[in-house]
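Structure at a glance
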Amino acid sequence: MEGQFKKYQLLHHIKACLEDNNEWTFWSINDDVYNFIPILVKLANKYPGPIIEFGCCLGHSAICIASAKPINKKLITIDWFKNNQLGVSNNAHRTMTQRNLKYVIDYANVELVDSDIGEFIQNYNGNSPSMVFLDSNHNAKCVNREIDFAIKWKVPIICGHDYSDEFPDVKKCVHNKFPNHKINIYSNLWWVEYNKEKK
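Residues numbered from 1 in each chain as written. Predicted model: local features only at pLDDT ≥ 70, side-chain atom pairs only at ≥ 80, totals over all residues. Heavy atoms only, no water.

Some details on the nonpolar core
- Ranked by size, the top nonpolar core spans 27 residues in total, and within it Ile37 and Met131 carry the most contacts.
- Elements that contribute at least two residues to this core include exactly α2 (31-44), α3 (60-68), β3 (110-114), β4 (131-134), β5 (157-160) and β7 (189-193).
- Excluding residues within four positions of it along the chain, Ile37 makes contact with Ile29, Ser61, Cys64, Ile65, Phe133 and Leu189.
- In terms of nonpolar packing, the next biggest core, distinct from the first, is built from 26 residues, Ile121, Tyr124, Val143 and Ala150 among them. (Core = buried A, V, L, I, M, F, W, Y, C linked by side-chain atoms within 4.5 Å. Buried < 20%, exposed > 50% of the residue type's maximum accessible area, 1.4 Å probe, protein only. Helix = DSSP H or I, 4+ residues; strand = E, 2+ residues; numbered from the N terminus. Contact = heavy atoms within 4.5 Å.)

So, in structure tokens, the structure goes:
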């Protein structure tokens with residue numbers, strides 16, 4: 001029975017995504033977000049450095065980001081494939097994501113990092129990113145940690161998913177961290193141009 005329930009749970013979310021792209025699903029992005037992410041990427045393309053995505057899940061937003069960046073700009077997307085709500089094992093989740101991202105990994109300068117995000121942040125010693133996209137755990141601890149990383153590295157485009165009443169910690173953290181910046185909202189996306197303070 002448990003296996004049948006997990007299979008039903010996964011099929012339910014796939015069905016919701018396919019039939020109603022504006023319905024919130026925890027592992028995907030709606031049409032509005034899918035069409036707007038490239039605009040944020042084009043802002044980031046003006047600056048040197050990689051794009052970093054915290055929380056890859058199945059790779060839908062990573063593919064969207066990859067489609068709008070130049071080939072010489074690296075995308076690093078991080079997930080540790082644990083505690084997923086897909087109703088599948090961690091290994092199955094990892095395999096699905098690797099397969100979804102195979103083309104962009106092979107041909108579009110995308111790196112999928114299998115890591116705890118906290119450890120990645122602690123050990124990161126690469127170039128200053130041009131954009132950070134937050135879409136991992138939406139509790140206050142994790143959101144603050146990822147925004148702090150972006151602020152520390154003076155990332156010009158700081159943005160994230162799931163700015164909504166469903167995730168009050170996201171909204172609260174964003175407003176607390178950027179008192180001197182304009183916080184832009186579109187659908188359930190938020191973004192800040194960190195190099196531009198409020199006038």
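There is more to say after this.
Remarks on the side chain of Thr77
- Looking at the secondary structure, you find Thr77 in strand β2 (residues 75-79).
- A polar contact of 2.5 Å, which involves the side chain of Thr77, links it to the side chain of Glu53.
- Sequence-distant contacts of Thr77, that is, excluding residues within four places in its chain, are made with Glu53, Cys56, Ala62, Leu101, Val110, Glu111, Leu112 and Val113. (Polar contact = N/O pair within 3.5 Å; in protein donor to acceptor, adjacent residues only side chain to side chain.)

Focus on the packing of α2 against α3
- Close contact between α2 and α3 brings their axes to 8 Å; oriented N to C, the two are set at 45°. When the axes of α2 and α3 are compared, the pair comes out oblique. Considering how the two elements wind past one another, α2 and α3 form a crossing that is right-handed. Seen from α2, the contacting residues are Tyr34, Ile37, Pro38, Val41 and Lys42; seen from α3, they are His60, Ser61, Cys64, Ile65 and Ala68.
- Taken together, the residues that form the contact of α2 with α3 break down as seven nonpolar, two polar and one charged. (Axes fitted to C-alpha atoms, helices over the stretch in contact; angles between N-to-C directions. Parallel < 35°, antiparallel > 145°, perpendicular 65-115°, else oblique. Left-handed = near helix turned anticlockwise from the far one by under 90°. Nonpolar A, V, L, I, M, F, W, Y, C, P; charged D, E, K, R; others polar.)

What about the environment of Ile121?
- By the element assignment, Ile121 lies in helix α6 (residues 117-123).
- Beyond its immediate sequence surroundings of up to four residues, Ile121 is in contact with Phe54, Arg145, Glu146 and Phe149.

Remarks on unusual backbone geometry
- In this structure, Phe81 takes a positive phi of about 55° despite not being glycine.
- Turning to its location among the elements, Phe81 is positioned in the loop between β2 and α4 (90-100).
- Look at Asp162: it is not a glycine, yet its phi comes out positive at around 65°.
- Within the fold, Asp162 resides in the loop between β5 and α8 (168-177).

A word on helix α7 (residues 140-152)
- An ideal rise of 1.5 Å per residue puts 18 Å on 13 residues; α7 measures up with 18 Å between its terminal C-alpha atoms.
- Of all the positions in α7, only Cys142, Val143, Glu146, Ile147, Phe149 and Ala150 are classed as buried. Buried residues of α7, viewed axially, fall in a sector of 150°; they line one side. Residues of α7 that are exposed and angled more than 90 degrees away from the buried face: Lys141 and Lys152.
- Elements in contact with the buried residues of α7: β1 (51-54), α6, β4, β5, α8 and β7.
- With its phi angle positive at about 50°, Lys154 sits one or two positions after the end of α7. (Expected span 1.5 Å × (residues − 1). Arc of directions from axis to C-beta.)

As for empty space enclosed by the protein
- Within this structure, the stated rule accounts for one cavity of 30 Å³ or more.
- Roughly 40 Å³ of internal volume is contained in the largest cavity.
- Among the residues forming the lining of the largest cavity, the class breakdown is four nonpolar, four polar and two charged. (1 Å grid on protein atoms, 1.4 Å probe; cavity = no way out; pocket = protein on both sides within 12 Å on 5 of 7 lines; lining within 4 Å. Points joined across faces, edges and corners; volume = space filled by probe spheres on them.)

Regarding the sheet that holds β3
- What the seven strands build is an open sheet, ordered β3-β2-β1-β4-β5-β7-β6; its pairing is mixed. The open sheet is flanked by β3 and β6 (184-186), the only strands paired with a single partner. Along the sheet, successive strands turn relative to each other by an average axial angle of 15°, direction set aside.
- Pairing between β5 and β7: four bridges, direction antiparallel. From the neighbouring strand, Cys159 faces β7, where its bridge partner is Trp191.
- Contacts from α7 reach β1, β4, β5 and β7, with the element oriented near 175° to β4. (Pairing = 2+ DSSP bridges.)

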